[in-house]
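This is what each chain is made of:
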Amino acid sequence: MTASFGPQWWEQHYREHAPHHHGSPGPQLVAEVAALPAGTALDAGCGRGADAVWLARQGWRVTAVDVSPTAVRAAEAAAAAEAGGAAEAGGAAEAAEAGAGDLAPRIEWVVADLTTWQPPRQYDLVVSQYVHPAVPFAEFVARLAAAVTPGGTLLVVGHDHADAHSAAHAPQPASIGLDTVTGALPPDGWDVVVAESRPGWTHHQDLVVKARRRPAP
């Protein structure tokens, strides 16, 4: 796997590129997680934090990890600004009711390389979207899966390399295949709930895999 997606690449990326999608959470995250009961979540590759903030507003207690210090600083500032803006616009009580007034205690921001970082605990939900690790992707999925508590959910979203448009706009290491993701989940321990390609941001196709780890016997 190319080293072009290592820590220095991501730090430069976030320093040089403006945010996309105006801070909105990923559409696949909203579609697949909105109905789940809130618990603990790991946002693996949180970027500028839109997904972590959305999860926190739904009641999740989130550990948000990214390799880029610039991205994590921006994410933390955006979460603080959103909470402060909601409080100013509608008052503390209304902000708390909307889930914005108490974001800070619900999100732990961590700067770390996900290819070597060891989660301190397991989580009810582990989410990874558009992460391009500098290790084989199956190995990365296995690391994510190990962080899911029995009975918990894993959601992996990436550019579908089987889609011609996505392949033309993203290098091979930035796209994923269905078998790579599902093949990293032992069938005796996981139930794959969703495994499909669907429209994502702009004109790209996303590969979406949602799996539930079976409870301990």
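All residue numbers refer to positions counted from 1 along the written sequence of the respective chain. Local features are withheld for residues below a pLDDT of 70 in this predicted model, meaning they are given only at 70 or higher, and side-chain atom pairs are given and counted only at 80 or more; totals for whole chains, interfaces and linings count all residues. In computing side-chain values, all of the structure's heavy atoms are included and hydrogens and water are not.

Of all hydrophobic cores here, the largest spans 28 residues; its most connected members are Leu42, Trp117, Val126 and Leu154. Helix and strand definitions here come from DSSP, where helices need a minimum of 4 consecutive H or I residues and strands a minimum of 2 consecutive E residues; each element is numbered from the N-terminal end. Elements with a contribution of two residues or more to this core: β1 (40-44), β4 (123-129), α5 (137-146), β5 (148-160) and β8 (205-213). When residues in this core are grouped by element, the largest group, five residues, is from α5. The contact rule is simple, with two residues in contact once any of their heavy atoms fall within 4.5 Å. Once residues within four sequence positions are removed from consideration, valine 126 is found in contact with Leu42, Leu144, Ala147, Val148, Thr153, Leu154 and Leu155. Put simply, a nonpolar core is a bunch of buried Ala, Val, Leu, Ile, Met, Phe, Trp, Tyr and Cys residues held in one set by side-chain atoms that sit within 4.5 Å of each other. Burial status follows relative accessibility: with a 1.4 Å probe on protein chains alone, a residue under 20% of its type maximum counts as buried, one over 50% as exposed, and anything between as partly exposed. The next biggest cluster of nonpolar side chains, apart from the first, holds 26 residues, and it includes Leu29, Ala75, Ala79 and Val127.

On to the pairing of β8. For a regular strand, side chains alternate in direction, first toward one face of the sheet and then toward the other. As judged from the seven bridges shared by β5 and β8, these two strands associate in the antiparallel manner. Each bridged residue has a counterpart across the sheet, and for histidine 159 the counterpart in β8 is aspartate 206. Any two strands with at least two DSSP bridges between them are considered paired.

This part takes up the environment of alanine 78. Tracing the sequence through the fold places alanine 78 in helix α4 (residues 69-98). Sequence-wise, alanine 78 and arginine 48 are 30 residues apart; in three dimensions their C-alpha atoms are separated by 7.9 Å.

For this document, the term salt bridge refers to a Lys or Arg side-chain nitrogen within 4 Å of an Asp or Glu carboxyl oxygen. Applying the stated criterion across every chain, the model contains four salt bridges. In this structure, lysine 210 engages glutamate 32 in a salt bridge whose closest nitrogen and oxygen atoms are separated by 3.5 Å. Of this pair, lysine 210 sits in strand β8 while glutamate 32 sits in helix α2 (residues 27-33), and the two are 178 residues apart along the sequence. Glutamate 32 sits in the buried class, given a relative accessible area of 11%. Counted as one network, the salt bridges with shared partners bring together Glu32, Glu196, Arg198 and Lys210.

What follows concerns α5. Residues of α5 that are buried include every one of Phe137, Phe140, Val141, Leu144 and Ala145, and no others. What you see down the axis of α5 is that its buried residues fit within an arc of 140°, all on one side. Directions are taken from the helix axis to each C-beta atom, and the arc is the one they span.

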